[in-house]
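# Structural characterization, general
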Amino acid sequence: TAFVINNILEDLLDMEDIYLANVDGVNYYIVNCPKPPNDGRFEIVERFREANRLINNILEISFVAGISGIRSGFETLPELFDEATMSVDYARFYDVDEFVYYSDINREYKESSRRERVFPRETELVLDIKTGRMEKIENTIDLMFSAGGGRILEKWYYQGLAYNILNSILSVTESISAVAYDEIIEEVDKVGNDPTIKDIKALLYRAGKIACKCYKTESEKSTTIYAMTRKYISQHYMDHNLDVSKLGEVFNMTGFYISRIFKQHSGMKVTSYVNELRIERAKKILLENAKMKVTDVGWSVG
């Protein structure tokens with residue numbers, strides 16, 4: 001996959017004075033523009049957008065691009081690197097499509113507070129929930145509230161921070177369980193109109209733990225469904241009509257739900273897995289039965 005993506009990007013970004021560097025699995029493109037526009041939105045952005053469409057059509061995946069500001073001199077590269085990295089982190093966390101400009105998010109947050117409050121603490125909390133580290137949730141929330149560095153902050157700051165944290169928790173819960181989502185909303189309603197810091201933190205502790213428990217249960221459920229699906233495919237791959245819809249009928253679920261779980265666990269679509277299995281079985285039959293017609297082998301494996 002990475003090879004295909006890189007080839008597409010290199011072809012579409014075929015410009016003079018553009019350099020590629022890969023750092024920890026992320027591609028960084030350094031563009032030298034002698035007469036840059038004021039805000040950095042220039043031709044390369046359209047090429048990235050075209051690459052995104054092409055990759056999405058071929059691989060059914062998409063990427064985001066974080067775009068730094070424009071600076072003069074090689075000595076500014078580390079600063080540009082930081083700006084691009086922050087922009088990508090922002091896009092991932094807030095689920096922004098395609099592009100995020102550092103100049104845009106810089107207007108929303110002061111750099112110091114963004115580094116402490118948004119990166120990486122809220123992302124860390126989501127990770128705590130998804131990995132079942134219930135004992136860490138309270139500690140992570142405490143760290144987020146202490147990010148002010150001991151300064152006396154106004155009430156609105158804590159309320160805004162609480163909403164941010166709660167949205168992070170709900171974003172995890174809503175995608176997997178409406179019941180858990182409703183349970184957290186009920187907890188919010190119990191807090192009242194003028195909660196103290198202690199009330200707010202206690203609410204967030206409870207909400208985080210509800211989400212954690214829910215995610216763990218859903219994860220175990222999806223693992224079971226994946227195992228059942230694989231077993232059924234291994235026993236019925238020779239059925240010509242085997243597809244996602246048929247699996248949905250067998251397990252009384254939607255084909256889309258089964259497809260999502262299967263891809264989440266295996267990294268591939270159901271149809272790709274079935275075809276791969278059929279090809280492997282066909283190869284084995286051909287090796288064991290040299291006189292057997294290829295057409296007959298094909299029918300025998302579906």
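## A few points about the side chain of E83
With respect to the secondary-structure elements, E83 resides in helix α3 (residues 77–94). Owing to a relative accessible area of 4%, E83 belongs among the buried residues under this scheme. Sequence-distant contacts of E83, defined by excluding residues within four places in its chain, comprise S68, G69, R71 and Y102.

## Digging into the environment of T1
Here T1 lies in the segment before α1 (2–12). For the pair T1 and I61, spaced 60 residues apart in sequence, the C-alpha separation works out to 9.9 Å. When residues no more than four places from it in sequence are discounted, the contact partners of T1 are L59 and I61.

## Points about the nonpolar core
Side chains of nonpolar character tend, in soluble globular proteins, to be buried together. By size, the foremost hydrophobic cluster in this structure holds 25 residues, and its most contacted members are I129 and I165. For this core, the secondary-structure elements that each account for two or more residues are α5 (111–130), α6 (134–145), α7 (155–174), α8 (178–191) and α9 (197–236). For this core, the element with the highest residue contribution is α9, accounting for nine residues. Once you skip the residues sitting within four places of it in the chain, I129 turns out to touch I137, I169, V172, G208, A211, C212 and Y215. Counting 20 residues, the second-largest nonpolar core is a separate cluster that includes Y232, L247, I261 and A282.

## Describing the pattern of salt bridges
With the rule as written, the count across this model stands at ten salt bridges. Two residues, R53 and E50, come together in a salt bridge whose shortest N-O distance is 2.8 Å. In this pair, R53 and E50 are both assigned in helix α2 (residues 43–59), three residues apart and thus about one turn of the helix distant. What makes R53 partly exposed here is its relative accessible area of 42%. With a closest N to O distance of 2.4 Å, E83 and R71 form a salt bridge. In this pair, E83 is assigned in helix α3 and R71 in the loop between β3 (65–67) and α3, connecting sequence segments twelve residues apart. One network of salt bridges, in which partners are shared, links E60, K263 and K269.

## A closer look at the environment of I70
Checked against the element boundaries, I70 lands in the loop between β3 and α3. On the basis of relative accessibility, which here comes to 35%, the residue I70 falls in the partly exposed class. Note: C-alpha distance between I70 and C33 (37 residues apart in sequence) is 9.0 Å.

What counts as what
Every residue gets a number counted from 1 within its own chain, in the order that chain's sequence is written. Owing to the predicted nature of the model, reporting of local features is limited to residues with pLDDT of at least 70; listing and counting of side-chain atom pairs is limited to 80 or more, with chain, interface and lining totals taken over all residues. Neither water nor hydrogens contribute to the side-chain values; these are computed over all heavy atoms in the structure. Strands here mean DSSP runs of E at least two residues long; helices mean DSSP runs of H or I at least four residues long; both are numbered from the N terminus. Relative accessibility under 20% of the residue-type maximum defines a buried residue, over 50% an exposed one, and the middle range a partly exposed one, all with a 1.4 Å probe and only protein chains included. Whether two residues are in contact is decided by their heavy atoms, any of which lying within 4.5 Å being enough. Only buried Ala, Val, Leu, Ile, Met, Phe, Trp, Tyr and Cys residues count toward a nonpolar core, and they belong to the same one when joined by side-chain atoms within 4.5 Å. We count a salt bridge whenever a side-chain nitrogen from Lys or Arg sits within 4 Å of a carboxyl oxygen from Asp or Glu.

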